[in-house]
Amino acid sequence: MLKKNIYILLVFLLITCRLQAAYILIPMDNAQRNHLKAYGIAYWVLEQEVEVDWLLNYRGGSFMMRHSPQIVRECRLRGVTYQVIATVQAEQIRRQIAEPDVNMDIVTLHKAPRIAVYSPPNMLPWNDAVTLVLTYAQIPFDIVYDDEVLAGVLPMYDWLHLHHEDFTGQRGKFWAAFRNVPWYQEEVRRQEENARRLGFTRVADMKLATALKIRDFVAGGGFLFAMCSAPESLDVALAAEGIDIVAEMFDGTPIDPDAQERLDFTRTFAFRDFTIVKDPFKYAISNIDVTHTRPRNLTRENDLFTLFEFSAKWDWVPTMLTQNHTRIIHGFMGQTTAFNKDFLKPNVIILGANAALNEARLIHGTLGNGMWTFFGGHDPEDYQHFVGDPPTNLDLFPNSPGYRLILNNVLFPAARREQRRT
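Just so you know, these numbers come straight off a predicted model, no measurement behind them.

(A) Highlighting the overall build of the protein. Helix and strand counts for the protein stand at 14 helices and 15 strands. Counting over 422 residues, the protein shows a buried share of 57%. Of the contacts made within the protein by residues no fewer than 6 positions apart, 77% connect residues no fewer than 24 positions apart. Accessible surface, the protein: about 18,100 Å² in total, of which carbon and sulfur atoms supply 55%.

Following this line, the structure appears as structure tokens:
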């Protein structure tokens, strides 16, 4: 009889423990073994139609969700640190975050966003940080390019990333250095063939048409993320709509001599009053990028920028985009490394910057019903990535704060203001 009672008591205690262990907390502070794959877990949970609470500014922007053995198993398989907590602990966390004098909040993610990456179908001799980290985090995405964008597929997606593209049609201004290299010659042939097939006489006209579709996508409610040369070239192309800013070796026609004076900055996302670089021998599109306009005197060791702090309870979108386990981020170079703050529109929100150098590294804004985020630089863990360098092995950087700034953008389209709870 005693053994039977002990057995019943043990079963009761086991059931009680299971009932109490009702939540999973995925910490995103320095306790996390793999920050990047943790985002993949959050996305996977959303795919299972389970809501995820994003705990803004709580332990580095942690995630919390209802407990299930499947989520625990997935965390173990992916090497993601997690904690099983009781309902009473989850409620304590909620109460702590809800305190009015605490800069924290909870945003509920309710649906896995549909992701598209604008990227050429052929392999080019450089990698793309976003496709690298999405693949590493096991977050699914579709590849789209000019054909798909011009065919009108973007409204099918919630989030679009722009590969390191030159939307001005100057092919990254690689002509001076690489015009005799096979990969560049093949890229020229392919782009010109695509333009003719799609009914355009110039590559620049095809890229402008794509840029206009992207702007319409954002204005209609889409979310855009772009890195490196894409933010700068996108805005330059939009400002130059109907103006030839491309040198003769790119399209067979000379640049409009009045091109600079005719630019229309009302058409752009983020930048105004910039000057285009007409010289085809200069590896620069405009003076938006600080790298080519003034000396920065920075090295790998002292190139840093700071993430600004926002009110989690009021400025919840900027707060989501800057979630991290550190506020100081190592800088990294790219075709467009950093944005000159003098050329930002007044309504642009600076998320991260090197204030001493008057340069912004991470910026955000709205257009119509949608939002965009621009990030300077090429690869957060490769300070100066050269053409032909191998892709970054993210197994070596599972806690990269720079790559976290990319993945914040992937999740925030899943949040809605009316879903937010404190």
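(B) Fine view of the packing of aromatic side chains. In total, this model carries 14 aromatic pairs according to the counting rule given. A ring pair is formed by Trp159 and Phe225, whose centres lie 6.1 Å apart and whose planes are at 15 degrees; its orientation type is stacked. Residue Trp159 is found in strand 8 (residues 159–162), and its partner Phe225 is found in strand 9 (residues 223–227); the two are separated by 66 residues along the sequence. According to the relative accessible area criterion, Phe225 is buried, its value standing at 0%. Taking the centre distance of 4.9 Å and the plane angle of 75 degrees together, the rings of Phe265 and Phe274 count as edge-to-face. In this pair, the class of Phe265 matches that of Phe274, namely buried.

(C) Representation of the pattern of salt bridges. Per the stated rule, a full pass over the model turns up 18 salt bridges. For Asp205, the salt bridge is made with Arg202, and the minimal N-O distance between the two is 3.0 Å. What makes Asp205 partly exposed here is its relative accessible area of 24%. According to the relative accessible area criterion, Arg202 is buried, its value standing at 16%. Residues joined in a network through salt bridges with shared partners are Asp53, Glu91 and Arg94.

(D) Molecular detail of helix 14 (residues 401–411). For helix 14, a buried count of 11 out of 11 residues is recorded, marking the element as mostly surrounded by other parts of the structure. Looking only at helix 14, the buried set comprises Pro401, Gly402, Tyr403, Arg404, Leu405, Ile406, Leu407, Asn408, Asn409, Val410 and Leu411.

(E) Just the pairing of strand 2 (residues 52–56), in detail. Extensive coverage of strand 2 is indicated by the burial of five of its five residues. A two-sided burial pattern is seen for strand 2, the buried positions comprising Val52, Trp54 and Leu56 on one face and Asp53 and Leu55 on the other. The pairing of strand 2 with strand 5 (residues 105–109) spans five bridges and is classified as antiparallel. Paired with Leu55 across the two strands is Ile106, which belongs to strand 5. Note that strand 2 and strand 3 (residues 62–66) share three bridges and pair antiparallel. Each bridged residue has a counterpart across the sheet, and for Trp54 the counterpart in strand 3 is Phe63. Hairpin connection, strand 2 to strand 3: the antiparallel pair is bridged by five residues, and Asn57 has positive phi, about 70 degrees.

(F) Expanded view of the pairing of strand 10 (residues 304–307). On strand 10, burial follows the alternation: Phe305 and Leu307 on one face are buried, whereas Leu304 and Thr306 on the facing-out side are not. Pairing of strand 10 with strand 11 (residues 328–330), which is carried by three bridges, proceeds in the antiparallel orientation. The residue bridging Phe305 from the neighbouring strand is Ile329, located in strand 11. Bridge analysis of strand 10 against strand 13 (residues 349–354) gives two bridges, and the strand direction is antiparallel. Paired with Leu307 across the strands is Gly352, a residue of strand 13.

(G) Up close: the environment of Ala270. Looking at the secondary structure, you find Ala270 in the loop between helix 12 (259–262) and strand 10. For the pair Ala270 and Leu367, spaced 97 residues apart in the sequence, the C-alpha separation amounts to 9.6 Å. Residues within four places of Ala270 in sequence aside, it is in contact with Asp235, Phe343, Leu344, Lys345, Val348, Ile363, Trp372 and Phe374.

(H) Geometry of the nonpolar core. Counting residues in each nonpolar core, the largest one holds 61 residues, and the members touching the most others are Ile26 and Phe63. In terms of residue count, helix 2 (residues 35–47) provides more of this core than any other element does, nine residues in total. Formed by 54 residues, the second largest nonpolar core is a distinct cluster that contains Tyr118, Tyr157, Phe250 and Ala353.

(I) Fine view of unusual backbone geometry. Located in the positive-phi region is Asp273, a residue other than glycine, with phi close to 60 degrees. Here Asn358, not a glycine, exhibits a phi torsion of approximately 60 degrees, which is positive. As for its position among the elements, Asn358 is in the loop between strand 13 and strand 14 (359–367).

(J) Broad picture of helix 5 (residues 129–137). The buried count for helix 5 comes to seven of nine residues, which makes it a mostly enclosed element. Of the positions making up helix 5, those classed as buried are Ala129, Val130, Thr131, Val133, Leu134, Tyr136 and Ala137. Among the structural elements, helix 2, helix 3 (69–78), strand 6 (115–118), strand 8, strand 9 and helix 14 are those in contact with the buried residues of helix 5.

(K) Here's a closer look at the environment of Thr392. Along the chain, Thr392 turns up in the loop between strand 15 (370–375) and helix 14. Thr392 sits in the buried class, given a relative accessible area of 12%. Ignoring sequence-local partners within four residues, the contact set of Thr392 consists of Asn127, Leu132, Asp379, Glu381, Asp382, Phe397 and Tyr403. Side chain to side chain, Thr392 and Asp379 meet in a polar contact 2.6 Å long.

What counts as what
- Counting of residues starts from 1 at the beginning of each chain's written sequence and follows it residue by residue.
- Per-residue local features of the predicted model are confined to residues with pLDDT of at least 70, and side-chain atom pairs are confined, for both listing and counting, to 80 or more; whole-chain, interface and lining totals are unaffected and use all residues.
- The basis for every side-chain value is the complete set of heavy atoms in the structure, and neither hydrogens nor water enter the calculation.
- Helix numbering and strand numbering both begin at the N terminus, where a helix is a DSSP run of H or I of at least 4 residues and a strand a DSSP run of E of at least 2.
- Remark: exposure states derive from per-residue accessible area (1.4 Å probe, protein chains only) relative to the maximum for the residue type, with buried under 20%, exposed over 50%, and partly exposed in between.
- The contact criterion used throughout is that any non-hydrogen atoms of two residues lie within 4.5 Å.
- Throughout, the Shrake-Rupley method with a 1.4 Å probe supplies accessible areas, and for residues the shown protein chains are the sole cover considered.
- Here the aromatic set is Phe, Tyr and Trp, taking the six-membered ring for Trp, and pairing holds for ring centres within 6.5 Å; pairs whose planes are under 30 degrees apart are stacked, those over 60 apart are edge-to-face, and all others are tilted.
- Here, a salt bridge means any Lys or Arg side-chain nitrogen found within 4 Å of an Asp or Glu carboxyl oxygen.
- DSSP bridges decide pairing: two strands pair if at least two such bridges lie between them.
- We define a nonpolar core as any set of buried Ala, Val, Leu, Ile, Met, Phe, Trp, Tyr and Cys residues linked to one another through side-chain atoms lying within 4.5 Å.
- A 3.5 Å cut-off defines polar contacts: any pair of N or O atoms within that distance qualifies, except that in protein one atom must be a possible hydrogen donor and the other a possible acceptor, and neighbouring residues in sequence count only when both atoms are side-chain atoms.

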